[in-house]
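One letter stands for each residue in the lines below.
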Amino acid sequence: NDVVNSDSYERLTISERDNGLYVVSLNRPEKRNALDVVTIEELIRFFSGARMAGVRAVLLAGEGDHFCAGLDLVEHWKADRSPDDFMHVCLRWHEAFNKMEYGGVPIIAALQGAVVGGGLELASAAHVRVIDPGTYFALPEGQRGIFTGGGATIRVSDMIGKYRMIDMILTGRVYQGQEAVDLGLAQYITEDGGSFAKAMELADKVAQNLPLTNFAICSAVSHMNNMSGMDAAYAEAFVGGIVNTQPAARERLEAFANKTAARVRPNS
Ligand code: 1HE
């Protein structure tokens, strides 16, 4: 399938592991993986077609020392865009990141170095974020004389709360390390710079879930968060009705009933 053919991309490197697990890497480390028009279009293409191409989980990464420096400021400066041109740029970013968040394919992001501006917007469209002690988050837009346009007002506010997001963009505040995890910018921190390995371990685990279950987790939760409580409860019952009776789940339920399935235990 062409969607997963790395040669058909310029800014993404795509490689398959076992189990339908794919590594998707931003491959322009010399520009700190800044997001230009081509990268955004390629993210849309990949994440629009991933599920139908048999992708069960994605490890999202950035090559080099930094995950992503956000909007390609040089391209933006050179293009000297009109307001409606940039509005359409933003709409393409939203298309890409909404495909990620709502597409039903689990995305685990391995984050190192700078995760800033649009890089944080990209990371926040993943479902799980893993960082190193040196990973840092910021929204430098305020200092650059611009504003966000790739969903930070929505997803970063969601992760850390409206006023922390406002502080980040207003003052350029940087969060890193355990504090970033405590605030909700990431769910995992590794001790030794092993974010890629940890993300791989998680993605591998996630790829073993049933695809329909992952679809519900990585699509329905986000949709339901946009609904009223009553509508969300109704939608949850509907999705639960389909997912919780899927034939593929019977084997796993039977294994539990027969006491051959693993039990949930505390961490050792
Ligand atoms: C870039 C970009 C970029 C690096 N666009 N080219 N984002 C920012 O404001 C972050 C801007 N970047 C930085 O602060 C730093 O580059 C980093 C902290 C990420 C990395 O620092 P460092 O010292 O490793 O690299 P560098 O020397 O600054 O950059 C290396 C090269 O990458 C250099 O290009 P070169 O041709 O001179 O070698 C830089 O120009 C290039 N580069 N970052 C373009 N962002 C939809 S709205 C979204 C709003 C935003 O995302 S605003 C952007 C916020």
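All values reported here derive from a predicted model rather than from experimental measurement.

(A) Structural view of the side chain of Thr148. Structurally, Thr148 is set in the loop between α5 (141-144) and α6 (152-160). In this structure, Thr148 is in contact with Glu121, Glu141, Thr153, Met165 and Ile169, ignoring residues within four places of it in sequence.

(B) Region of interest: the domain arrangement of the chain. Segmentation of the chain into domains returns domain 1 (2-207) and domain 2 (227-257). For domain 1 versus domain 2, the distance between C-alpha centres works out to 30 Å.

(C) A look at the sheet that holds strand β2 (residues 21-26). Pairing is mixed across the open sheet formed by six strands, whose spatial order is β1-β2-β3-β4-β6-β9. This sheet does not close on itself; its edge strands, each paired only once, are β1 (12-16) and β9 (188-189).

(D) Fine view of the pattern of salt bridges. One pass over the structure, following the stated rule, counts 11 salt bridges. One salt bridge in this structure joins Arg81 and Glu75, with 3.5 Å as the shortest N-O distance. The class for Glu75 is partly exposed, based on a relative accessible area of 26%. Residues Glu201 and Lys198 are paired through a salt bridge, measuring 3.3 Å at the closest nitrogen-oxygen approach. In this pair, Glu201 and Lys198 both sit in helix α9 (residues 195-207), three residues apart, roughly one turn of the helix. Residue class for Glu201 comes out partly exposed when judged on its relative accessible area of 47%. For Lys198, a relative accessible area of 24% corresponds to the partly exposed category. Several salt bridges share partner residues, and in doing so they unite Glu10, Arg11, Arg28, Asp36 and Asp72 into one network.

(E) Spotlight on the side chain of Glu101. Within the element layout of this structure, Glu101 appears in helix α3 (residues 83-102). At a separation of 2.6 Å, a polar atom in the side chain of Glu101 contacts the side chain of Arg155. Residues in contact with Glu101, not counting those within four places in the same chain, are Ala125, His127, Arg155, Cys218, Ser219 and Ser222.

(F) Representation of helix α10 (residues 211-225) in the model. When the terminal C-alpha atoms of α10 are compared, their 21 Å separation across 15 residues agrees well with the 21 Å that a helix rising 1.5 Å per residue should span. Of all the bends found along α10, the most pronounced is centred on Ser219 and spans about 30°. Buried within α10 we find Asn214, Ala216, Cys218, Ser219, Ala220, Ser222 and Met224.

(G) Highlighting the site of the ligand. Close contacts around the ligand come from 25 residues, with Lys31, Arg32, Leu71, Gly118 and Arg144 the closest. One nitrogen or oxygen atom from the side chain of Arg32 is found 2.8 Å from an oxygen atom belonging to the ligand. Protein chains bury 69% of the 1000 Å² of accessible surface belonging to the ligand in isolation. For the shell around the ligand, the secondary structure elements donating two or more residues are α2 (73-79), β5 (114-116), α4 (118-124) and α5. Class assignment for the residues of the shell around the ligand results in 11 nonpolar, seven polar and seven charged.

(H) Geometry of the packing of α6 against helix α7 (residues 162-171). Two numbers describe how α6 lies on α7: the axes approach to 7 Å, and their chain directions differ by 120°. Relative to α7, α6 is oriented oblique. For the pair α6 and α7, the crossing hand works out as right-handed. On α7, the residues touching Ala152, Thr153, Val156, Ser157 and Ile160 of α6 are Lys162, Arg164, Met165 and Met168. Tallied by class, the residues present in the contact of α6 with α7 amount to five nonpolar, two polar and two charged.

(I) Quick look at the packing of helix α1 (residues 37-49) against α3. Viewed as axis vectors pointing N to C, α1 and α3 meet at an angle of 30°, and their least axial separation amounts to 9 Å. Regarding the angle of α1 to α3, the classification is roughly parallel. Remark: the crossing between α1 and α3 carries left-handed chirality. Residues Ile40, Glu41, Leu43, Ile44, Phe47 and Ser48 of α1 pack against Arg92, Trp93, Glu95, Ala96, Phe97, Lys99 and Met100 of α3. Residue composition of the contact of α1 with α3, grouped by class: eight nonpolar, one polar and four charged.

Definitions and limits used
Residues numbered from 1 in each chain as written. Predicted model: local features only at pLDDT ≥ 70, side-chain atom pairs only at ≥ 80, totals over all residues. Heavy atoms only, no water. Helix = DSSP H or I, 4+ residues; strand = E, 2+ residues; numbered from the N terminus. Contact = heavy atoms within 4.5 Å. Domains from an automatic or database assignment. Pairing = 2+ DSSP bridges. Salt bridge = Lys/Arg side-chain N within 4 Å of Asp/Glu carboxyl O. Buried < 20%, exposed > 50% of the residue type's maximum accessible area, 1.4 Å probe, protein only. Polar contact = N/O pair within 3.5 Å; in protein donor to acceptor, adjacent residues only side chain to side chain. Expected span 1.5 Å × (residues − 1). Bend = angle between axes of the 7 residues up to and from the residue. Near = heavy atom within 4 Å. Areas by Shrake-Rupley, 256 points an atom, 1.4 Å probe, with all protein chains shown as cover. Nonpolar A, V, L, I, M, F, W, Y, C, P; charged D, E, K, R; others polar. Axes fitted to C-alpha atoms, helices over the stretch in contact; angles between N-to-C directions. Parallel < 35°, antiparallel > 145°, perpendicular 65-115°, else oblique. Left-handed = near helix turned anticlockwise from the far one by under 90°.

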